[in-house]
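Here is what each chain is made of, one letter per residue.
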Amino acid sequence: MPKEIQTVGVVGLGAMGSGIAQLCMEAGIETVGREVSLELGEKALDRIAHFLTRKVQKDQLDQAGRDAAVGRLRLTDDLADLADCDLVIEAIVEELEPKRELLRELERICRPDTVLATNTSALSVTEIASATSSPERVVGMHFFNPAPLMPLLEIVRAELSSDTAVDAAFELGERIGKHPIRCHDTPGFVVNRVLIPLLNDCVRVLDEARVSVEDLDAGMIHGAGWPMGPCALLDLVGIDVHVHAAEAIWDKLREPRMAAPPRLVAMANAGLLGRKSGRGFYRYD
Ligand code: CAA
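Below or above, wherever it landed, is the structure these notes cover.

About the thresholds
Residues numbered from 1 in each chain as written. Predicted model: local features only at pLDDT ≥ 70, side-chain atom pairs only at ≥ 80, totals over all residues. Heavy atoms only, no water. Helix = DSSP H or I, 4+ residues; strand = E, 2+ residues; numbered from the N terminus. Buried < 20%, exposed > 50% of the residue type's maximum accessible area, 1.4 Å probe, protein only. Near = heavy atom within 4 Å. Polar contact = N/O pair within 3.5 Å; in protein donor to acceptor, adjacent residues only side chain to side chain. Areas by Shrake-Rupley, 256 points an atom, 1.4 Å probe, with all protein chains shown as cover. Pairing = 2+ DSSP bridges.

Notes on unusual backbone geometry
Consideration 1: A cis amide bond links Asn 145 to the next residue, Pro 146, at an omega of 0°.
Consideration 2: Residue Arg 210 is not a glycine yet carries a positive backbone phi of 45°.
Consideration 3: Assignment of secondary structure puts Arg 210 in the loop between α7 (191–208) and α8 (213–224).
Consideration 4: Given a relative accessible area of 75%, Arg 210 falls into the exposed group.
Consideration 5: The phi torsion at Arg 254 lies on the positive side, around 55°, for a residue other than glycine.

Below, the structure is given as structure tokens:
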């Protein structure tokens, strides 16, 4: 394994990938960001630059630090440009086969000592790793949304992950300012194993108790100390993302509470995806 992580690759610069790239850039790490087109990469860079500018305006970062951070991201649409990375984190679509295919490709492109990490939230890291012939270098690095703001990082040990790969991912997590915790590869890992059924329960309570969306959110904020209500949180995470993760965990555990409530499935099917589509439980103009 590389002695020190100097260059990190991030594959997929959507909400999670761009947040992860931002963290690396701010921590002084050379970052290579890969999107399917340079146009999508530029959009992600604009988003990152916007958040960094806000930090300057709020005196959390100076202008020179912001400019240096922005300069640390190299965009590409070619996976081959990740060849020199010490660690690559994938944050592409949350589907098993594309992730397995990507890791197979990364194994071919990257050095044998490059750590390959997946940001999957509900798929099995072991199943993703088994697509490669070097599963010992594959680990889970599960960030929470929004990645730059949420302190937690789950470092997930798959069946065949080596200590060196797990330790490298853990150390990188600390360097980029996260609070990493270690766990094994089980459905939902630690937080989603608890949070997904809890959010499902919240949505069921909406219908059972005939409470309004606003009042349910107020209830959990003022009665349980949550930083935001469950409906606002589902809108932030993405209704489709939550339904998909719930289905993946339900598929593995077969516990009824894991299954997404029909109301959420209907919202996902109707395109009411939350903040990203402009409408979920709330409207976002
Ligand atoms: N980088 C830097 N700054 C960012 C940012 C980013 N990517 N995204 C937002 N910000 C900034 C914004 O610019 C904003 O500042 P300005 O308004 O001044 O521009 C600020 O952060 C956030 O403003 P808010 O008023 O929304 O901040 P807040 O104090 O209310 O906190 C929160 C927001 C951290 C999201 C908080 O509400 C919270 O902790 N919510 C819970 C989130 C949560 O539980 N996430 C986990 C979801 S589950 C998951 O992710 C698992 C999975 O696998 C799906």
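Next comes the rest of the description.
Some thoughts on the site of the ligand
Consideration 1: Around the ligand, the surrounding shell holds 18 residues, and the nearest of these are Arg 54, Lys 58, Ser 121, His 142 and Asn 145.
Consideration 2: Note that an oxygen atom of the ligand is positioned 2.6 Å from one of the side-chain N or O atoms of Arg 54.
Consideration 3: Between the ligand and the protein, one listed contact pairs an oxygen atom with a side-chain N or O atom of His 142 at 2.8 Å.
Consideration 4: Contact with the protein chains removes 66% of the 1,100 Å² of surface that the ligand exposes when unbound.

Notes on the pairing of strand β8 (residues 179–184)
Consideration 1: Pairing between strand β7 (residues 152–157) and β8: six bridges, direction parallel. If you follow Val 156 over to β8, its bridge partner there is Cys 183.

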